[in-house]
Amino acid sequence: MTTQMPGAGSESRATPANPGTTSGGGDLAFEKISHRYVNGSRRTEVLNEVSFNVPAGSVACVVGPSGCGKSTLLALAAGLQPASSGVVRWDGKPVRLGPNPDLGMAFQQPGLFPWMTVRQNVAIGLTTRGRSRAEARRIADDFLLAVGLHDFQDAYPNQLSGGMAQRVGIARALALNPRLLLLDEPFAAVDAFTRLKLQQELKSLLKRYRPTVLFVTHDVSEAILLGDVIVAMSQRPATVQRIIPIEHADRNRASPAYARKLAEALECLGIRSDADGA
Amino acid sequence: MADDTAATAAGTMRKAGVGRAVPGSRVLLPLAGIAFACAIWQLTVVVYDLPVIVLPPPWAVATSLSELVRSAAFWRDVGVSLFEFVCGYALGTIAGIAVGALMAESRFFRMTATPVIESLRFIVPFAWIPLTVLWFGTSYTGKILLVAYAVFFVMTVSTARSVMHVDPTLTRVGTMLGMSRIELALRVHLRAAAPAIASAARAAAAVGWIAVVAAEYVGASAGLGVLITNAATSLQTGHVLAGMVVIGLIGAGVSGLIRRLSRSRLDY
């Protein structure tokens, strides 16, 4: 992406080599998180004593079987619901219910406001956080350009396809320039070509702004491309099965290292591969 | 982008209804419906050989109507009824939306208000007419409050229901974007529920207009209800029916107006 992201100049972010400062992302820590949903007399245990850290400015990709509570983890980190037990800490402080000014999140269902144009949908988070209308509009346009929707600024959500709506959701989260970025399978409804393009865009944005990222995905190769670590979850009630660190060399899809990481992650998910990769 | 075509296709699909539109059918078909109703009316008069004083034929009512619209008293009656309706409707709609939204947002308020609202809403407005006459006499106040009462329950119940059914993802998104509970209630929940609230407002208009006329039948000194009862006591059946036609036309007009207002802003 070539556009200059607004806000980068005045509040440039620290690199992960310089942790502990308040600029850039903060530390996100899950401490013995257990969670169950109660529906009438039925209780569903989704998370069982899940503990892991996402150090400031790093990207953790959570992979795991469907229904293992990946989205729940994000909702807990976002302060959208309370955990049945355990603590989520952001910057060392327990996450409380309600808005978190550091947070940007893209949801599985994009949840665009149908009465607003695409541009307004991206800009509203900026105005609620105190930016002027003109500034919010300019930032929104930049991020819509970044996700390839600059021709749809004035369209309404019911005029978009599912993939396009999801891209607006991503732009809305990124435009907030969040210190904590939570992404819930944001590329699930995006076609393969756009997906590759968006992964690259996201990667360069993350490099530039260094937020702390928790990224839920079904796609192990996506996790290797974007993550600093892969957090592999087990079946429900989910525990952390393995934390797989990803090195720069592992991301070269032609390398044996990539194939090994892929096999390792897939094995955690119960898929035995003969290391033939993708 | 591959998915862009799908977007435009969806846009055009939404416009297309079922069946083809014949040119001029937007005017001709409704007129045909009215003509058909008048034909049955005329047929009833002829077949049963009814005298004008019992059921005047359509043309006689049309004559009465043309007499009415030329009198100043008629326009005063229309004005009074509309005034009572508009005041009561505004009051009932605003209060109903406010209470309904509050019920949806606050569990405490919902638990407290539900028993009162659920029992009151089954007491039809007409049951209150004797009391309003007793309390307010034939003044405008009684009628305005009666309309507000009728409208209020329609609006409260459907506002509460539609706000509670707003897609929970929108609430999560609003919270993520930094909105407080009040901002969520006003800027997300009410706005998302607006199309449903607007259609409730249309239903409420019908209920309110019916309540005005009914209240005027019993206790009023002016208004369309009074016009009709006066015409009936002097056996001017043509005027009675003409007044009824006017009530129907105004009701349909008000309903159409609200639909037009809401459609331009809330079509999503």
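Quick caveat: nothing in here was measured; it's all calculated off a predicted structure. (Residues numbered from 1 in each chain as written. Chains lettered and ligands numbered in written order. Predicted model: local features only at pLDDT ≥ 70, side-chain atom pairs only at ≥ 80, totals over all residues.)

Engineer: Which residues make up the overall build of chain B, and what values go with them?
Structural biologist: Within chain B one finds 11 helices and zero strands. Counting from the amino terminus, helix and strand elements in chain B follow one another as α-α-α-α-α-α-α-α-α-α-α. By principal-axis analysis of the C-alpha atoms, chain B measures approximately 70 × 55 × 30 Å. The buried share of chain B, taken over its 268 residues, is 34%. (Helix = DSSP H or I, 4+ residues; strand = E, 2+ residues; numbered from the N terminus. Buried ≥ 20, exposed ≤ 12 C-beta atoms within 10 Å, placed from the backbone.)

Engineer: How would you sum up the overall build of chain A? Please name residues and give values.
Structural biologist: Helices and strands together make up the secondary structure of chain A, namely seven helices and 10 strands. Taking all 278 residues of chain A together, the buried fraction comes to 45%. The contacts of chain A with a sequence gap of at least 6 include a subset with a gap of at least 24, amounting to 69%. (Contact = placed C-beta atoms within 7 Å.)

Engineer: Report on helix α2 (residues 25-47) of chain B, specifying residues and quantitative values.
Structural biologist: Residue pairs three or four apart in sequence face the same way in an α-helix, which turns once every 3.6 residues. All names here are of chain B. With 23 residues, α2 ought to run about 33 Å at 1.5 Å a step, and its terminal C-alpha atoms sit 32 Å apart, in line with that. In terms of residue burial, α2 counts as a barely covered element, since only zero of its 23 residues are buried. Following α2 by one or two positions, D49 adopts a phi angle in the positive range, close to 50 degrees. (Expected span 1.5 Å × (residues − 1).)

Engineer: Go over the sheet that holds strand β1 (residues 28-39) of chain A, please, and point to the residues and values.
Structural biologist: Residues and elements named next belong to chain A. Pairing within the open sheet is antiparallel, and its four strands lie in the order β2-β1-β4-β5. The outermost strands of the open sheet, each flanked by one partner alone, are β2 (42-54) and β5 (93-94). The pairing of β1 with β2 spans nine bridges and is antiparallel. Of the residues in β2, the one forming a bridge with R36 is E45. Those strands touched by helix α1 (residues 70-78) are β1, β2 and β4 (85-90), and its axis lies near 115 degrees from that of β1. (Pairing = 2+ DSSP bridges. Axes fitted to C-alpha atoms, helices over the stretch in contact; angles between N-to-C directions.)

Engineer: Which residues make up the sheet that holds strand β10 (residues 240-245) of chain A, and what values do they have?
Structural biologist: Within a sheet, each strand pairs with its neighbour through backbone hydrogen bonds, oriented either parallel or antiparallel. All names here are of chain A. Spatial strand order, β6-β7-β8-β3-β9-β10: six strands in an open sheet with mixed pairing. Only two strands of the sheet have a single partner each, and these edge strands are β6 (103-106) and β10. Ignoring strand direction, the axes of neighbouring strands in this sheet form an average angle of 15 degrees. Sheet strands touched by helix α7 (residues 256-268): β3 (59-63), β9 (229-233) and β10. Its angle to β10, the strand with the most contacts, is close to 170 degrees.

Engineer: Describe in detail the environment of A215 of chain B, supporting the description with residues and values.
Structural biologist: All names here are of chain B. Inspection of the secondary structure puts A215 in helix α9 (residues 181-218). Judged by the 29 C-beta atoms lying within 10 Å of it, A215 is buried. C-alpha separation for the pair A215 and I144, spaced 71 residues apart in sequence, amounts to 9.7 Å. Among all residues touching A215, those that are not within four sequence positions of it are I129, T132, G142, K143, L146, A220 and G225.

Engineer: Help me get a handle on the interface of chain B and chain A, residues and values and all.
Structural biologist: Across the boundary between the two partners, chain B contributes 18 residues, which contact 27 residues of chain A. Listed by contribution, the elements that provide at least two residues to the side of chain B that touches chain A are α1 (2-15) and α8 (168-176) of chain B. Looking at which element gives the most residues to the side of chain B that touches chain A, the answer is α8 of chain B, with six residues. By residue class, the composition of the side of chain B that touches chain A is 10 nonpolar, four polar and four charged. (Nonpolar A, V, L, I, M, F, W, Y, C, P; charged D, E, K, R; others polar.)

Engineer: Would you mind going over the confidence of the model for chain B in detail, with residue names and values included?
Structural biologist: Residue and element names in this part refer to chain B. Put simply, chain B has an average pLDDT of 88, and 90% of its residues get 70 or more. When mean pLDDT is compared element by element in chain B, helix α4 (residues 72-105) scores highest at 96, while α1 scores lowest at 46. Note on the complex model: pTM 0.80, ipTM 0.84. (pLDDT = per-residue confidence, 0-100.)

Engineer: Give me the lowdown on the packing of helix α3 (residues 133-146) of chain A against helix α4 (residues 162-175) of chain A, citing residues and values where you can.
Structural biologist: All names here are of chain A. Closest axis-to-axis distance for the α3/α4 pair is 9 Å, and the angle between their directions is 130 degrees. Classified by the angle their axes make, α3 and α4 are oblique. The two elements α3 and α4 cross, and the hand of that crossing is right-handed. Here I139, A140, F143, L144 and A146 of α3 lie close against α4, whose contacting residues are A171, L174 and A175. (Parallel < 35°, antiparallel > 145°, perpendicular 65-115°, else oblique. Left-handed = near helix turned anticlockwise from the far one by under 90°.)

Engineer: Give me the lowdown on the packing of helix α2 (residues 118-128) of chain A against α3 of chain A, citing residues and values where you can.
Structural biologist: All names here are of chain A. Where α2 contacts α3, the two axes come as close as 8 Å, and the packing angle between them is 125 degrees. Relative to α3, α2 is oriented oblique. The hand of the α2/α3 crossing is right-handed. Residue-level inspection shows V118, R119, V122, A123, L126 and T127 of α2 in contact with α3, the latter providing R133, A136, R137, I139, A140, D141, F143 and L144.

Engineer: I'd like a rundown of the environment of W128 of chain B, residues and numbers included.
Structural biologist: Residues and elements named next belong to chain B. By the element assignment, W128 lies in the loop between α5 (107-120) and α6 (129-136). A count of 18 C-beta atoms within 10 Å places W128 in the partly exposed class. In the structure, W128 is positioned 114 residues away from A242 in sequence and 27 Å away in space, judged by C-alpha atoms. Once you skip the residues sitting within four places of it in the chain, W128 turns out to touch L146 and Y149.

Engineer: Lay out the pairing of β10 of chain A with the relevant residues and their values.
Structural biologist: Residues and elements named next belong to chain A. When β9 meets β10, the two strands line up antiparallel, connected through five bridges. Its bridge partner being in β10, A232 is matched across the sheet by R242. The loop that links β9 with its antiparallel partner β10 comprises six residues.

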